[in-house]
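Observations on chain architecture
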Amino acid sequence: QVQLVESGGGLVQAGGSLRLSCAASGRTSNVYSMCWFRQAPGAEREFVSGISWRGVTTRYADSVKGRFTISRDNAKNMVYLQMNSLKPEDTAVYSCAADTKNLVQTTQNGYDYWGQGTQVTVSS
């Protein structure tokens, strides 16, 4: 099994920045693509960003392009999401996920492992 634990969430004013981290442990040899999804109150979970095993492929939701940057450090089994120019509509619980296929899919059912999530709140 693989365990994913997110950190770095919090309360920030609009225009500010946060850096989310996701630590993978357990059978990390099974982990390939990693990504971030988010879920706002009353909304469905949506894809935010994903990255392939070697970082060659990255994907972003249109709503975060140019503001968020995903990266990973395989030696540390970590994936990061640098979030800049935050907006109130970025408020959500952000969850890390990983797959065993290195496909960097944008749908939830493409991922095998999930973290519990970290709250990000952006005030106006």
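Coordinates for the structure precede this section.
Residues numbered from 1 in each chain as written. Predicted model: local features only at pLDDT ≥ 70, side-chain atom pairs only at ≥ 80, totals over all residues. Heavy atoms only, no water.

Attention shifts here to the environment of glutamate 6. Along the chain, glutamate 6 turns up in strand β1 (residues 2-7). Setting aside chain neighbours within four positions, we find glutamate 6 in contact with Ser21, Cys22, Trp36, Tyr94, Ser95, Cys96, Gly115, Gln116, Gly117 and Thr118. A polar atom in the side chain of glutamate 6 sits 2.8 Å from the backbone nitrogen of cysteine 96. (Helix = DSSP H or I, 4+ residues; strand = E, 2+ residues; numbered from the N terminus. Contact = heavy atoms within 4.5 Å. Polar contact = N/O pair within 3.5 Å; in protein donor to acceptor, adjacent residues only side chain to side chain.)

Right, let's talk about the pairing of strand β3 (residues 18-26) for a bit. Two strands pair when backbone bridges link them, and β1 and β3 are joined in this way by 6 bridges, in the antiparallel orientation. When the sheet's bridge partners are listed, glutamate 6 is paired in β3 with cysteine 22. (Pairing = 2+ DSSP bridges.)

Enumeration according to the criterion identifies 1 disulfide in this entry. The disulfide partner of cysteine 22 is cysteine 96, and the S-S distance across this bridge is 2.1 Å. Around the S-S axis, the bridge from cysteine 22 to cysteine 96 shows a dihedral of about -80° and counts as left-handed. Of this pair, cysteine 22 sits in strand β3 while cysteine 96 is found in strand β9 (residues 92-98), placing the two residues 74 residues apart along the sequence. Residue classification places cysteine 22 among the buried residues on the basis of a relative accessible area of 0%. (Disulfide = S-S within 2.5 Å. Buried < 20%, exposed > 50% of the residue type's maximum accessible area, 1.4 Å probe, protein only.)

Among the 6 residues that make up strand β8 (residues 78-83), 5 are buried, leaving the element largely enclosed by the rest of the structure. Across 6 bridges, the pairing between β3 and β8 is antiparallel. Within β8, the residue paired with alanine 23 across the bridge is methionine 78. Here 6 bridges tie strand β7 (residues 68-73) to β8, and the two strands are oriented antiparallel to one another. In the sheet register, serine 71 faces β8, and the bridge partner there is tyrosine 80. Counting the residues that bridge the hairpin from β7 to β8 gives 4 residues, and of these asparagine 77 lies at a positive phi of roughly 55°.

Under the counting rule described, the total for this entry stands at 5 salt bridges. Here glutamate 46 makes a salt bridge to arginine 38, at a shortest N to O gap of 2.6 Å. The exposure class assigned to glutamate 46 is partly exposed, which follows from its relative accessible area of 35%. Judged by its relative accessible area of 6%, arginine 38 is buried. (Salt bridge = Lys/Arg side-chain N within 4 Å of Asp/Glu carboxyl O.)

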